[in-house]
Amino acid sequence: MPDQPANPDQKLQLEFNQWAERGEGEKMERHHLDITGKAIRLMDLRPGERVLDLGCGAGWATRLLARLVGEGPEGFGQVVGLDVSDEMIRLARASSRDFHNILYVWGSAQQIPWEENFFDKMLSVESFYYYPDQDRALSEIFRVMAPHGRIFILINLYTDNPYSLQWVDKLNVPVHVRSEAEYLDLLKRHAFENVESRRLPDDTPTPDDYQTKSFNNLEDLRAFKKIGALLLMASKPDLRTPAPGYKVY
Ligand SMILES: C[S@@+](CC[C@H](N)C(=O)[O-])C[C@H]1O[C@@H](n2cnc3c(N)ncnc32)[C@H](O)[C@@H]1O
């Protein structure tokens with residue numbers, strides 16, 4: 001690990017390594033499970049599919065995905081969990097020893113160490129707004145997705161949920177703060193098709209004695225959950241044009 005971050009990805013690595021050391025990797029399951037479960041249901045996963053979990057953190061969602069695509073009549077599915085924090089990857093590997101269809105990879109969303117046209121589905125939970133160059137990350141996502149592959153980007157920080165803006169100043173790394181409309185436009189500019197979005201409210205109750213450092217008070221936290229997270233969905237078009245008389249496999 002570098003002492004001084006030389007580039008934005010290394011800064012993210014150092015920051016999220018500290019999150020991992022503080023036990024935040026596992027704790028995020030509690031905060032993100034309700035909305036992630038709703039997103040995963042919309043992914044309509046099938047046994048045999050190849051899935052990327054981009055910014056997988058401690059790997060709890062990766063394991064949910066792996067259970068859904070594992071062995072079945074349509075083959076063996078596999079999930080790749082990728083994260084810029086090597087400490088998160090260590091946590092994820094340690095908790096996933098019983099899974100034979102997960103591979104955790106240390107790397108950046110801006111340079112995904114994988115071959116093109118590979119993944120059927122991609123999930124990214126609470127990670128996309130950290131990527132220093134979102135255009136570059138989207139180009140990479142486009143490259144590694146299979147034709148007709150569908151992506152699901154879930155984010156809690158966006159301007160249409162004004163309560164989410166309370167934590168921007170509390171973060172130690174820069175983030176993108178965009179609107180739902182801006183994100184939809186960004187995906188279309190990257191040539192994704194069937195671009196759509198949904199709001200996913202977090203239906204978990206907030207107890208009166210809940211302690212929060214991220215929100216000004218519990219009423220703001222409850223209002224934030226009610227508006228909910230933004231789920232962006234899009235598909236990679238099939239750009240392969242077969243020569244006359246040839247079939248594309
Ligand atoms: C808020 S955490 C969410 C982790 C996990 N998806 C979850 O819900 O528990 C954000 C994650 O994104 C990762 N991340 C941030 N920037 C990244 C980048 N450029 N490439 C890959 N991962 C990144 C962080 O290391 C961190 O694990």
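Everything here concerns the structure above.
Keep in mind it's a predicted model, so treat the numbers as computed, not measured.

## Structural notes on the pattern of salt bridges
Moving on, step 1. Under the criterion given, the structure shown has 14 salt bridges.
Moving on, step 2. Note that E24 is salt-bridged to K27, the shortest N-O span being 3.9 Å. One end of the pair, E24, and the other, K27, are both in helix α2 (residues 24-43), three residues apart, so they sit about a helical turn from each other.
Moving on, step 3. Of the charged contacts in the structure, one is a salt bridge between R90 and E87, with a shortest N-O distance of 3.0 Å.

## Things to note about the site of the ligand
Moving on, step 1. With respect to spatial proximity, 22 residues lie near the ligand, and among them H32, G55, W60, D83 and S127 are the closest.
Moving on, step 2. One nitrogen or oxygen atom from the side chain of D9 is found 3.2 Å from a nitrogen atom belonging to the ligand.
Moving on, step 3. Interatomic distance of 3.3 Å between a backbone N/O atom of V84 and a nitrogen atom of the ligand.
Moving on, step 4. Look at the ligand: alone it shows 590 Å² of surface, and the protein chains cover 99% of it.
Moving on, step 5. No other element matches the four residues that helix α1 (residues 8-21) contributes to the shell around the ligand.

## Some points on the environment of G77
Moving on, step 1. Structurally, G77 can be placed in the loop between α3 (60-69) and β2 (78-83).
Moving on, step 2. Exposure remark for G77: the relative accessible area of 2% places this residue in the buried category.
Moving on, step 3. Excluding anything up to four places from it in sequence, G77 contacts G48, E49, V69, G70 and N101.

## Observations concerning the pairing of β2
Moving on, step 1. With five of six residues buried, β2 lies mostly within the body of the structure.
Moving on, step 2. As paired elements, strand β1 (residues 50-54) and β2 share five bridges and run parallel to each other. Note on β2: the bridge partner recorded for R50 is Q78.
Moving on, step 3. When β2 meets strand β3 (residues 102-106), the two strands line up parallel, connected through five bridges. Looking at the pairing, V79 lines up with I102 of β3.
Moving on, step 4. Running through helix α4 (residues 86-95), the crossover from β2 to the neighbouring parallel element β3 is right-handed.

## Details of the layout of surface pockets
Moving on, step 1. Looking at the second largest pocket, its volume works out to about 210 Å³.
Moving on, step 2. The wall of the second largest pocket is formed by 13 residues, among which D9, V84, W106, G107 and S108 lie closest to the centre.
Moving on, step 3. It is α1 that provides the largest number of residues to the lining of the second largest pocket, a total of three residues.
Moving on, step 4. When the residues that make up the lining of the second largest pocket are grouped by side-chain class, the tally is four nonpolar, seven polar and two charged.

Calculation rules
- Residues numbered from 1 in each chain as written.
- Predicted model: local features only at pLDDT ≥ 70, side-chain atom pairs only at ≥ 80, totals over all residues.
- Heavy atoms only, no water.
- Salt bridge = Lys/Arg side-chain N within 4 Å of Asp/Glu carboxyl O.
- Helix = DSSP H or I, 4+ residues; strand = E, 2+ residues; numbered from the N terminus.
- Near = heavy atom within 4 Å.
- Polar contact = N/O pair within 3.5 Å; in protein donor to acceptor, adjacent residues only side chain to side chain.
- Areas by Shrake-Rupley, 256 points an atom, 1.4 Å probe, with all protein chains shown as cover.
- Buried < 20%, exposed > 50% of the residue type's maximum accessible area, 1.4 Å probe, protein only.
- Contact = heavy atoms within 4.5 Å.
- Pairing = 2+ DSSP bridges.
- Right-handed = clockwise from strand over helix to strand, strands pointing away.
- 1 Å grid on protein atoms, 1.4 Å probe; cavity = no way out; pocket = protein on both sides within 12 Å on 5 of 7 lines; lining within 4 Å.
- Points joined across faces, edges and corners; volume = space filled by probe spheres on them.
- Nonpolar A, V, L, I, M, F, W, Y, C, P; charged D, E, K, R; others polar.

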